[in-house]
Structure formats: structure tokens, C-alpha cells
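These are the residues of each chain, in order.
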Amino acid sequence: MTTFLLVPGLFLGAWVWEAVAVDLEARGHRAVPVTLPGLAERAGADAGRIGLAEHTAAVVDLLDEYGPGVVLVAHSYGSFPATAAADQRPDHIARVVYVDTGIPEHGESMATSLAGAGIAAAGEDGLIAVPGQLPPGVPESERERYYRLATPHPAATATDPVRLTDAWNTLPTTGIFCVDSGLSRDVARSLHATGAPRFAKLAEPGVTYFELPTGHFPMLTTPRELTDALVRAAAGEGAGLYD
């Protein structure tokens, strides 16, 4: 049995992992879907004052509860608190899996790493409003559920810089790319070919990749295929960057 700690992206809570969690548990694993502070059932009047440190602490607490041997899964924005938590508790983690997202660098925020990607500005309440559109390919039933359950996101978590040492950098890592949203092994190879130090890890031993023919929300569009990739990643499977 493997324990999968499932960290969601912007506007999301544990609910977004429901189908994946059910499938993982049906296969004999433990699934721990995460709702970060200020979101979904943890939303409240103080949500606009929550920063990246609080989100990181929430993931660290779960690693302390369920580790060692955890497979830490991060979708989209979730890569920031997940990587920061992995940096604090590398001995609790068997592998980090990044779902359709990059790996943050020390000092970056989500807002700076995605400059020009259209992250909305915070309102007076310190929250980023739920976007009015989802990418194509999300089934209508899941679109309805998204707009019913998604919540405004604490803006400071997207603008606070992540604080990292190199402690997490030796952990086995897997990238699951959703090719319809623009990420792929080809893109990763292009980044690695620049020779920039931040992309050196992409080709290291122990780093593997999967590609899914879907968009940015595979837990809503292709949950079975995402579960397959997670289970295989936990077993050390997947292609290398240049395989």
C-alpha cells in the first residue's frame, strides 16, 4: 500500500480529487486529498489573510501525520506549497509527482513564474475570484460541480515567494504532462537543452514522465488515466526525458 497525498491547484479543495481517491483506494492504496486553508470547506472570513507559509505548513503537518514513504502529488499551484513542504520533510517522501505544472525555484511565486498568464488581481478581500471559464474538454457535469464547489483563492499564496534549500532536490520526481494544455516531454527537452541550471534536474536519474491526452484538469477529465499514471509513478515507472 502506498499513501498518496493529493495537493490541489488554485480555487480547488479535496473534492476535486474524489474520483482519483476512490480509484486509488479501490486498488489498495491510501488516498489523502487535501483542502488547503482558506479554500472549500476551510474557507472563512480570514481567507484573504492566508499566505503561502500557511499552505506549506498544512502540507508539512500531513507529511508528519502520514510519512514516511508518502507520494506527494501536486497539481498546478499546488507545486509551490508541496515543494516547500518537501524541502522541509524530504525524509517523509518517497516521490514527488507534479501534475501539469513546473517545479518552482527558490524566490519565485506563482505570479512571477506565470507572468503574463493572466492570473487575476486580488479583490479588496484579498482573494482571487474563481475564473469564469474552464478549458475545453471538461465534461458538463464536472463543469457544474467546479462552479458549485470552487472558491476564491487567497491571493498572497500566489504572490508570496517560495523558500527552498536543496533538501528536496534529491527526491525521485515524476512529471505528468497534460499535452492539450501545452506541456509535454518535448517542451521539457527544449527547456533542458537551454543549459539553464534550473532545468538540469529534468534529465536526472530517478526523474520520470507520463503524458496524458487531456487538458489542465485530468482529475476531472481522465481520472482513471491519471490514477494509472500515479500508481505507475509510485512504482518508479515512466519514461526518462530522452528515452
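As a reminder, the structure under discussion sits directly above these lines.
Note that the structure is a prediction, hence the values are computed from the model and not measured.

A.B. asks: Quick one: what's the story with the packing of helix α1 (residues 18–26) against helix α9 (residues 223–234), residue by residue and with numbers?
C.D. replies: Interaxial distance between α1 and α9 falls to 9 Å at its minimum, and their mutual angle equals 50 degrees. Classified by the angle between their axes, α1 and α9 sit oblique to one another. In this structure, α1 meets α9 at a crossing whose hand is right-handed. Touching Ala 19, Val 20, Asp 23 and Leu 24 of α1 are Pro 223, Arg 224, Leu 226, Thr 227, Leu 230 and Val 231, all from α9.

A.B. asks: Tell me about the nonpolar core, residues and numbers included.
C.D. replies: Formed by 63 residues in total, the largest nonpolar core has its most connected members in Leu 5, Val 73, Ile 176, Leu 226 and Leu 230. Among the elements that make up this core, the one with the highest residue count is helix α2 (residues 52–66) (6 residues). For Leu 226, the residues in contact, after removing those within four places along its chain, are Trp 17, Val 20, Val 99, Ile 176, Leu 212, Pro 218 and Met 219.

A.B. asks: I'd like a description of the packing of α2 against helix α3 (residues 79–88), backed by residues and values.
C.D. replies: Interhelical geometry of α2 versus α3 gives an angle of 55 degrees and a closest axis separation of 8 Å. Judged by the inter-axis angle, α2 sits oblique to α3. Of the two elements, α2 crosses α3, and the hand of that crossing is right-handed. For the pair formed by α2 and α3, the contact residues are Leu 52, His 55, Thr 56, Val 59, Val 60 and Leu 63 on the first element and Phe 80, Pro 81, Ala 82, Ala 84, Ala 85, Ala 86 and Gln 88 on the second.

A.B. asks: So what about unusual backbone geometry? Which residues, and what values?
C.D. replies: A negative phi angle is the norm for most residues apart from glycine, just as the trans form is the norm for most peptide bonds. Of note, the amide linkage connecting Gly 67 to Pro 68 takes the cis form, showing an omega dihedral of 0 degrees. Turning to its location among the elements, Pro 68 is positioned in the loop between α2 and β3 (70–75). The phi dihedral of Ser 76 is positive, around 55 degrees, even though this residue is not glycine. Take Ser 76: it is sitting in the loop between β3 and α3.

A.B. asks: Describe the pattern of salt bridges, with residues and values.
C.D. replies: Under the definition given, this model contains 10 salt bridges. Across the pair Asp 23 and Arg 27 runs a salt bridge, and its minimum N-O distance is 3.1 Å. Judged by its relative accessible area of 33%, Arg 27 is partly exposed. Among the ionic pairs, Arg 27 bridges to Asp 228, the shortest N-O distance being 2.6 Å. In this pair, Arg 27 sits in the loop between α1 and β2 (30–33) while Asp 228 sits in helix α9, placing the two residues 201 residues apart along the sequence. On the basis of relative accessibility, which here comes to 30%, the residue Asp 228 falls in the partly exposed class. In this structure, a network of salt bridges that share partners links the residues Asp 23, Arg 27, Arg 224 and Asp 228.

A.B. asks: Let's hear about the environment of Ala 129: which residues, and what values?
C.D. replies: Counting through the fold element by element, Ala 129 comes out in the loop between β5 (127–128) and α5 (140–149). When its relative accessible area of 52% is taken as the criterion, Ala 129 is described as exposed. In this structure, the C-alpha to C-alpha distance between Ala 129 and Thr 151, residues 22 residues apart in sequence, is 7.6 Å.

A.B. asks: Explain the environment of Gly 132 to me, using residue names and the numbers behind them.
C.D. replies: Mapped onto the secondary structure, Gly 132 falls in the loop between β5 and α5. Judged by relative accessible area, Gly 132 falls into the exposed class, the value being 71%.

A.B. asks: Can you explain the pairing of strand β8 (residues 207–212)? Please cite residues and give values.
C.D. replies: Counting buried positions along β8 gives 5 out of 6 residues, so the element sits mostly inside the fold. Strand direction decides the pairing type here: strand β7 (residues 173–178) and β8, joined by 6 bridges, are parallel. When the sheet's bridge partners are listed, Cys 178 is paired in β8 with Leu 212. Taken together, β7, helix α7 (residues 185–193) and β8 form a β-α-β motif whose crossover is right-handed.

A.B. asks: An account of the packing of aromatic side chains is needed here, citing residue identities and associated values.
C.D. replies: Throughout the structure, instances matching the rule amount to 4 aromatic pairs. Note on Tyr 146 and Phe 217: the rings are 6.0 Å apart at their centroids and 70 degrees apart in plane angle, and the pair reads as edge-to-face. One end of the pair, Tyr 146, is in helix α5; the other, Phe 217, is in the loop between β8 and α8 (218–221), and 71 residues separate them in sequence. Of the two residues, Tyr 146 and Phe 217, neither departs from the other in class, the shared state being buried. On the numbers, 5.5 Å between centres and 25 degrees between planes, the contact of Phe 177 with Tyr 209 is stacked. Taken together, the residues Phe 177 in strand β7 and Tyr 209 in strand β8 connect sequence positions 32 residues apart. We classify Tyr 209 as buried; its relative accessible area is 4%.

Cut-off values and rules
- Residues numbered from 1 in each chain as written.
- Predicted model: local features only at pLDDT ≥ 70, side-chain atom pairs only at ≥ 80, totals over all residues.
- Heavy atoms only, no water.
- Axes fitted to C-alpha atoms, helices over the stretch in contact; angles between N-to-C directions.
- Helix = DSSP H or I, 4+ residues; strand = E, 2+ residues; numbered from the N terminus.
- Parallel < 35°, antiparallel > 145°, perpendicular 65-115°, else oblique.
- Left-handed = near helix turned anticlockwise from the far one by under 90°.
- Contact = heavy atoms within 4.5 Å.
- Core = buried A, V, L, I, M, F, W, Y, C linked by side-chain atoms within 4.5 Å.
- Buried < 20%, exposed > 50% of the residue type's maximum accessible area, 1.4 Å probe, protein only.
- Salt bridge = Lys/Arg side-chain N within 4 Å of Asp/Glu carboxyl O.
- Pairing = 2+ DSSP bridges.
- Right-handed = clockwise from strand over helix to strand, strands pointing away.
- Phe/Tyr/Trp six-rings, centres within 6.5 Å; stacked < 30°, edge-to-face > 60°.

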